[in-house]
Structures are given as C-alpha cells and as structure tokens.
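Listed below are the residues making up each chain.
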Amino acid sequence: MKKFKYIFKQPKPLSLDEIKKYLSGRLNTSKKHLLEQKLNADPFAAEAFEAFEQNPELCQIDLKNPYIQFSNYIYKAMFFTAIIITGVIITYLLLQTDNQKSTTSTIDISNQTIQPNTPLTVVTDSVIENTQEIEPKEQINYKQTINNRPQTVIAKTPQQTTITIYQNNPKITDIEPIEKKEPEITVPANATISKSNVKFTYIHDLKVIDYSNIYTANIPVNKFTQLTGTPANLADKNENTKNEHEAITVYIPYEEFLKETLLDFKNGNYKSFLKNSNIILKHYPDDLNAYFYGGLSLYNLNRCENAIIYFDKCINAAYNTFYQEAMWYKALSLLRCNKQTEAEILLREIISQNGFYTDQARKKLNEIK
C-alpha cells in the first residue's frame, strides 16, 4: 500500500526547465508522462505550454529561478495570445465592413412602397413670390413641353414564369414563359422612344408618374371660407366692406391635387404651380412630377440654379420616366446660368446616348462654340 501513498497528491508546478527538456526531447518516458500529467491537471499550464511550443524563442532566456521564469512567461504568453486574438477580430471586422461597402443591391421598383429620402430643400414661397419671369419667347411653356418630348413606353419587365400542375401528378411538371406583348404605338420616323421603368399616365397631356398605388394618403390643404359680409363678386366697388374669413383644412387625394396644380403650369401660372408643388413635396418628398415641372417653372422664373437641382433629382432617381427630358432641360439651364463648360460636357453626353435630344444637343453645341 505504500506505493499508493502519494497517488492523490497534486504534482509540483510545471517548470521552465521541464518545458525546455520536453521540447528538446531530453526527457525519458516516465518524466514525459509526469509532465503530461501536470498538463492534464492544470489547464492554465496547458495553455501556456502550447504558447511555448508555438514560440520556442520564449525558452531561450535563462534565469536563476526557472519556476519564476516560467511564471513570468505564462503571463507573457497570455499577453501575446490576447494580442493575436484581438488582431484577428479587428481584421475580421474590417473585412466584413469592406464587404458591406462593396455590395450593391438591385432596386426592384415593380411593387415599391414609399421610402422617402431626406427631403430636398425646395424654393420657399416667399422667394417664389419675389421672382420675375423671363421673356415669354425665352420660356419653356406648356406647348413646347408636350411637343418636344420623346414617345414614352413602359420598359419590358423581367421574364416571368407560370407553373402548370397536372391532376394526375401533384409535382411541378412544366414551366412555361409568359409572353407579354408591348402595346402597338405610332412613333414619328425621327423620334427615339423613351422607356420608363415605372407606370406613368397623362394629366392635361402632361406626362406624370402614376403614384396611385403608393400615394394613398390625402394631402391636407388650407382653404379660406368667407364668414360674414357681402361676397367679393357682389360687393359695391364704392362700399368699404370688410369680409371675415376662416381658414379650414381640407383633405384632397393626390391625383386630384396634382391635376389642379398642373393646370397652373399649363396656364403659365408658374408661381402658383411652385407653391402648390411645395405642398406636395412637404408630404411626398420624392415626388418627381413636382420636381420635373417645378424645374421648368423655375427656369421660366429665371431661377436656373434651382432648376438645375430639381432636374438633377429626376436624373438621379430610381424612376427614369423623366430622364431624357431632365438631361436636356438641365443643359439649357446650365447655359442660362452661363456655365458653358458644364453645359458642353452634358450636351456631349446627351449626344453619346443617341436619344431623342441628340440632334438638338448637337445643334446647340455648334451654336455655343
């Protein structure tokens, strides 16, 4: 029984000298087993031993007290291990960030809901009121707008499929493509078609994006109603009649309000149009109908700098319905702002795209040279 006397006794701590001898192969079999027993009994020592095994240079310093040397190197090994782990984590996070930055998602606008961006700073009503129109012959009026535009059609949607399931076989047995035919249109020989990637319609013969599926909330508008006094149209001109009015809020569907607003543009009431378009943009900050015809109105009011910003909104939007027109009218706005270099660059880009305004851009480019 004497030989089992120390069986449950804890082995002495692992020393640096033992590690050196083990790594150099100078331990006999029994001493190797003893060292391994110490490692099994002390996970802390096992982790440190692994660090020494991976970094043999840590064993090269010879101190008078090997045990203290070993203890110091345990902490050093832990320190270096922590640095390595931290470095790996930081590298991983940086790689993940780079991957997220380089990932580009495709925008599907076939069934999109409103996701308004930061609202663009619009021209305020007070600024609009203090502007002066340019000469009528220099304006881009209603008739010019509808006569100088490309024929627009809906772009083809990605190919869809339909699945046919037969009664005698519940599994999918056949996939057939759906053939979607483009509507037949008559296009002048010298025109280039513009393809819109979103549904559109016409109001007062002005092309507009159809937001009916996503602009479902009515627009609140302040109206004034007469309370007392003689109606203005019936009052005697010589009579000093004071009429009292009360402001009330009415809620108008988007399409109805847009129709009323575009009527101002059609009639050349550009200030009134811009004020009403500000109401639209307050509730629907990404409304391209308001931005495009607002850009034309600002051009006619000699606010070409603001017009350029509005046209840029249409050019850079996910919906491309006004893309060609906005490019052309931005070029005209740049010329009116005496930004000839920028205008020339944009005109050359229009020419390179070989769209509806190619010939007009080439002619304009020759005029300004």
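As a starting point, this report considers the structure included with it. Just so you know, these numbers come straight off a predicted model, no measurement behind them.

### Description of the pattern of salt bridges
Here comes step 1: With the rule as written, the count across this model stands at 11 salt bridges.
Here comes step 2: One salt bridge connects lysine 330 with aspartate 312, and the closest N-O pair in it is separated by 2.7 Å. Placement of lysine 330 in helix H11 (residues 323–336) and of aspartate 312 in helix H10 (residues 304–315) is noted, with a sequence separation of 18 residues between them.
Here comes step 3: Judged by its relative accessible area of 23%, aspartate 312 falls in the partly exposed class.
Here comes step 4: Where glutamate 344 meets arginine 348, a salt bridge forms, and the shortest distance between an N and an O atom there is 3.9 Å. Taken together, the positions of glutamate 344 and arginine 348, both in helix H12 (residues 340–353) and 4 residues apart, correspond to about one turn of that helix.
Here comes step 5: On the basis of relative accessibility, which here comes to 17%, the residue glutamate 344 falls in the buried class.

### Overview of the side chain of serine 196
Here comes step 1: Turning to its location among the elements, serine 196 is positioned in strand E4 (residues 194–196).
Here comes step 2: Dropping the residues within four chain positions of it, serine 196 is found in contact with Thr152, Val153, Ile154, Ala155, Asn320 and Thr321.

### Topic: the state of the cysteines
Here comes step 1: The tally for this structure, following the rule as stated, stands at 1 disulfide.
Here comes step 2: With a sulfur-sulfur separation of 2.1 Å, cysteine 304 is cross-linked through a disulfide to cysteine 337. Handedness of the cysteine 304-cysteine 337 disulfide follows from its S-S torsion of about 130 degrees: it is right-handed. Here cysteine 304 is found in helix H10, whereas its partner cysteine 337 is found in the loop between H11 and H12, with 33 residues between them in sequence.
Here comes step 3: For cysteine 337, a relative accessible area of 13% puts it in the buried group.

Cut-offs applied
Residues numbered from 1 in each chain as written. Predicted model: local features only at pLDDT ≥ 70, side-chain atom pairs only at ≥ 80, totals over all residues. Heavy atoms only, no water. Salt bridge = Lys/Arg side-chain N within 4 Å of Asp/Glu carboxyl O. Helix = DSSP H or I, 4+ residues; strand = E, 2+ residues; numbered from the N terminus. Buried < 20%, exposed > 50% of the residue type's maximum accessible area, 1.4 Å probe, protein only. Contact = heavy atoms within 4.5 Å. Disulfide = S-S within 2.5 Å.

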